[in-house]
Amino acid sequence: MSQSPASADTMAELALTGDLTRPARLTVPDLLAWPQHEADVSFECATSGTQHHRFTGPLLHDVLSAAGPVFDPARRKDRLRFLIAVSGADGHHTLLSWAEIDPDFGRAPVLLAVTVDGTLLDRAGAQLVLPQDRCGARHISGIDAIRVDGGYASWA
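Peer 1: Just give me the short version of the overall build of the protein chain, but keep the residues and values in it.
Peer 2: Broken down by element type, the protein chain carries 3 helices and 11 strands. Ordering the α and β elements of the protein chain from the N terminus gives β-β-α-β-β-α-β-β-α-β-β-β-β-β. Over its C-alpha atoms, taken along the principal directions, the protein chain stretches across nearly 45 × 35 × 30 Å. For the protein chain, buried positions account for 40% of its 156 residues. Across the protein chain, the fraction of contacts at a sequence separation of at least 24, relative to all contacts at a separation of at least 6, is 61%. Between the centroid of the 13 positive side chains of the protein chain and the centroid of its 19 negative side chains there is a distance of 8 Å.

Here it is in structure tokens:
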């Protein structure tokens, strides 16, 4: 697990941007205000074998919902066209669909982890944790940006 390069006297923060009514900049202490969930995660790492960790943090869905995604209320399934791009300070990126994390669809318990194995990540920054993934490739350490993008309109 790599950590973000934040120095000891700075607080890492992530930017919530995109198609949101309330974009924000959040730190780990900000994320502690949401209900916390725990996940014991085992994933296969190509370089160091199987990793086992316990993460805590809010659900990505809860945090993004509070930021007010601009779903079209006239279109019943409009939220299904939204993508979520996550990037880390170390240059790693991943993409999720809104349907993956939505309780009415995939309901994946994706966390914005604020602790790993009992250690607070306030200086290193939150981590994206997908407990359901067998491989840790979509795990992003030191998240610096999350962009919600609904720019994928109907193909008609």
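Right, picking up where we left off after that structure.
Peer 1: Give me the lowdown on empty space enclosed by the protein, citing residues and values where you can.
Peer 2: In the structure shown here, the tally under the stated rule is 1 cavity of 30 Å³ or more. What the largest cavity holds in volume is close to 60 Å³. If you trace the largest cavity, you find it lined by Val41, Phe43, Val129, Leu130, Asp133, Cys135, Gly136, Arg138 and His139. Broken down by class, the residue content of the lining of the largest cavity amounts to 5 nonpolar, 2 polar and 2 charged.

Peer 1: Now, about the sheet that holds strand 1 (residues 13-18): what can you tell me, with residues and values included?
Peer 2: Sheet strands pair by backbone hydrogen bonding; their relative direction is either parallel or antiparallel. Strand order across the open sheet formed by 5 strands is 2-1-11-5-6, with mixed pairing between neighbours. Of all the strands in the sheet, just strand 2 (24-27) and strand 6 (93-97) have a single pairing partner and so form its edges. Between one strand and the next, the sheet's axes are offset by a mean angle of 20 degrees, whatever the strand orientation.

Peer 1: Now, about the pattern of salt bridges: what can you tell me, with residues and values included?
Peer 2: Counted by the stated rule, this structure contains 10 salt bridges. Notably, a salt bridge pairs Asp40 with Arg54, separated by 2.7 Å at the nearest N-O pair. Of this pair, Asp40 sits in strand 3 (residues 37-45) while Arg54 is found in strand 4 (residues 49-57), placing the two residues 14 residues apart along the sequence. When its relative accessible area of 38% is taken as the criterion, Arg54 is described as partly exposed. With its nearest N and O atoms 2.7 Å apart, the salt bridge here joins Arg134 to Glu44. Residue Arg134 is found in the loop between strand 10 (127-129) and strand 11 (143-149), and its partner Glu44 is found in strand 3; the two are separated by 90 residues along the sequence.

Peer 1: Give a description of the sheet that holds strand 8 (residues 115-116) that names residues and reports values.
Peer 2: Pairing in this open sheet of 4 strands is antiparallel, and the strands run 3-4-8-9 from one edge to the other. With one partner strand each, in any of the chains shown, strand 3 and strand 9 (119-120) form the two edges of the open sheet. Pairing geometry for strand 8 and strand 9, over 2 bridges, is antiparallel. Across the sheet, Val116 pairs through a bridge with Thr119, a residue of strand 9.

Peer 1: Go over the pairing of strand 1, please, and point to the residues and values.
Peer 2: Of the pairings in the sheet, the one linking strand 1 to strand 2 comprises 4 bridges and is antiparallel in character. Pairing of Ala15 across the sheet is with Arg25, part of strand 2. In this structure, strand 1 lies alongside strand 11, joined through 4 bridges in parallel fashion. Its bridge partner being in strand 11, Leu16 is matched across the sheet by Ile146.

Peer 1: Tell me what's going on with the side chain of Thr27, and back it up with residues and numbers.
Peer 2: Mapped onto the elements of the fold, Thr27 is located in strand 2. With residues up to four places along the chain from it excluded, the contact list for Thr27 reads Met11, Ala12 and Glu13.

Parameters and conventions
Residues numbered from 1 in each chain as written. Predicted model: local features only at pLDDT ≥ 70, side-chain atom pairs only at ≥ 80, totals over all residues. Heavy atoms only, no water. Helix = DSSP H or I, 4+ residues; strand = E, 2+ residues; numbered from the N terminus. Buried < 20%, exposed > 50% of the residue type's maximum accessible area, 1.4 Å probe, protein only. Contact = heavy atoms within 4.5 Å. Lys, Arg positive; Asp, Glu negative; His and termini not counted. Charge placed at Lys NZ, Arg CZ, Asp CG, Glu CD. 1 Å grid on protein atoms, 1.4 Å probe; cavity = no way out; pocket = protein on both sides within 12 Å on 5 of 7 lines; lining within 4 Å. Points joined across faces, edges and corners; volume = space filled by probe spheres on them. Nonpolar A, V, L, I, M, F, W, Y, C, P; charged D, E, K, R; others polar. Pairing = 2+ DSSP bridges. Axes fitted to C-alpha atoms, helices over the stretch in contact; angles between N-to-C directions. Salt bridge = Lys/Arg side-chain N within 4 Å of Asp/Glu carboxyl O.

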